[in-house]
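The chain contents come next:
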Amino acid sequence: MIRSATSRILSTSRRSMSTVAVVGSAGGIGQPLAMLMKLNPLVSDLRLYDVVPLNKGVAADVSHIATPAKCTGYVGDDEILEGLSGCDMVIVPAGVPRKPGMTRDDLFNVNANIVKSIAEACSKACPKAMLCIISNPVNSTVPIIAETLKKAGTYDSKRLFGVTTLDLQRARTFVAENQGFDVNSTCVNVIGGHAGKTILPLLSQVKDAKFSDADRDALTHRIMFGGDEVVKAKAGGGSATLSMAYAGAEFADALLKAMNGEAGIVQNTYVESDLVPGCTFFSTPVTLGPNGAEEVHPFGELSDYEQKLFDEMLPELQAQIQKGVDFIAQA
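K.L.:
Help me out: how do you make sense of the overall build of the chain in this one?
P.N.:
A tally of regular secondary structure across the chain gives 11 helices and 11 strands. Its C-alpha radius of gyration of 20 Å places the chain within 12% of the 20 Å reference for a compact globule of 331 residues. In terms of overall dimensions, the chain has C-alpha extents of about 60 × 50 × 40 Å along its principal axes. Across the 331 residues of the chain, 52% fall into the buried class. Accessible surface for the chain amounts to roughly 15,000 Å². Of this, 53% is attributable to carbon and sulfur atoms. Taking the 30 positively charged and 36 negatively charged side chains of the chain as two groups, their mean positions are separated by 6 Å.

Below, the structure is given as structure tokens:
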């Protein structure tokens, strides 16, 4: 027993503690995400950045949580480089949330410049950091960041991730409820992008599931438009913040473990790949490692129903990617 305890302590002490920044930490996603990252034992230095003065208070609040990670707040353009300096990982939920009647295209017009400026800061302050992008519309903001980093000469496709984990969280939850499964052991592969019809749950691949056509149709639609369900339910009070924070923290935790050398970690995430011809970014299972995205995996066989949805969504996803590329080309 003593040897076992000692082994666990030594194993923990050999872990590399990471410096992690949350950019947009005073917002609806940022605050709970900051708290969850403060609880992560692989984080030693937590940097919280936002443009609003409230962020200093958020950092003070989070810093009182009794975990080893140091927590510091940064505010405004004058402090962003200091906040990001030397970070190993940057999680970006910054930007304006969706409101009722607002499309992700509407969001683009506001959030495009925000993520561009964050990418420029990361390029200067932490060019080797893993960048985990939550800011919507992810289908376009990730290409914006990629193109910005390319211009700066600091782009590494293996270190840029669009966080699509919430789509898988919703899929697991809804499928488990429908089938009477244990949600903890339910797996659903969700591919494509992170907006409406570009989100494609592969229900035909769910082990031991039996869906009627009506259930399949209803579940597919609910997974695709789960964000709208929350926006409507909040009646103008915001979008999916708590569930997104949880999903973001789950992805960040998996990536931190992989950065520390833990093998066999696979997460669905929106990354650059040549998996789908004509689609430079795509969310699919990806093996994570110390240097980021180690291997992009094929998504498996599609049913006729899923193939039809795949063919329909591809032009939309391609257009949203191109929109981000064009934004930087014209900047």
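K.L.:
Which parts of the structure should I look at to understand empty space enclosed by the protein?
P.N.:
Gaps between atoms show up when a probe of the same size as a water molecule is rolled over them. For the coordinates displayed, the defined rule picks out one cavity of 30 Å³ or more. A class-by-class count of the residues in the lining of the largest cavity yields eight nonpolar, two polar and two charged.

K.L.:
Would you mind showing me how to read the side chain of Lys38 here?
P.N.:
Residue position: Lys38 is located in helix H2 (residues 30-38). Nearest to the buried, unbridged Lys38 among oppositely charged side chains is Asp45, at 10 Å. Polar contacts involving the side chain of Lys38 include one to the main-chain carbonyl oxygen of Ile65, which spans 2.8 Å. Within the local environment of Lys38, its side chain forms a polar contact with the backbone oxygen of Ala69, the two atoms lying 3.1 Å apart.

K.L.:
Explanation requested: the packing of aromatic side chains in the structure shown.
P.N.:
Within a pair of aromatic rings, the relevant descriptors are the distance that separates the centres and the angle that separates the planes. Across all of its chains, the model carries six aromatic pairs by this definition. Aromatic rings pair up to connect Phe282, Phe299 and Phe310 into one cluster. It is Lys323 that lies over the ring of Phe108; its NZ or CZ is 4.6 Å from the centre.

K.L.:
Honestly, the nonpolar core in this entry has me stumped. Any pointers?
P.N.:
For soluble globular proteins, the rule of thumb is that nonpolar side chains tend to be buried together. Leu84, Val90, Leu131, Phe282 and Phe310 are the most contacted members of the largest nonpolar core, which has 58 residues in total. Here the element with the most residues in this core is helix H5 (residues 104-125); it accounts for eight residues. Beyond its immediate stretch of four places on either side in the chain, Phe310 contacts Ile191, Leu200, Val276, Phe282, Phe299 and Leu302. Core analysis: the second largest hydrophobic core is formed by 41 residues, Ile29, Val58, Val163 and Ala240 among them.

Rules used throughout
- Residues numbered from 1 in each chain as written.
- Predicted model: local features only at pLDDT ≥ 70, side-chain atom pairs only at ≥ 80, totals over all residues.
- Heavy atoms only, no water.
- Helix = DSSP H or I, 4+ residues; strand = E, 2+ residues; numbered from the N terminus.
- Rg over C-alpha atoms; globule rule 2.2 N^0.38 Å.
- Buried < 20%, exposed > 50% of the residue type's maximum accessible area, 1.4 Å probe, protein only.
- Areas by Shrake-Rupley, 256 points an atom, 1.4 Å probe, with all protein chains shown as cover.
- Lys, Arg positive; Asp, Glu negative; His and termini not counted.
- Charge placed at Lys NZ, Arg CZ, Asp CG, Glu CD.
- 1 Å grid on protein atoms, 1.4 Å probe; cavity = no way out; pocket = protein on both sides within 12 Å on 5 of 7 lines; lining within 4 Å.
- Points joined across faces, edges and corners; volume = space filled by probe spheres on them.
- Nonpolar A, V, L, I, M, F, W, Y, C, P; charged D, E, K, R; others polar.
- Salt bridge = Lys/Arg side-chain N within 4 Å of Asp/Glu carboxyl O.
- Polar contact = N/O pair within 3.5 Å; in protein donor to acceptor, adjacent residues only side chain to side chain.
- Phe/Tyr/Trp six-rings, centres within 6.5 Å; stacked < 30°, edge-to-face > 60°.
- Lys NZ or Arg CZ within 6 Å of the ring centre and 35° of its normal.
- Core = buried A, V, L, I, M, F, W, Y, C linked by side-chain atoms within 4.5 Å.
- Contact = heavy atoms within 4.5 Å.

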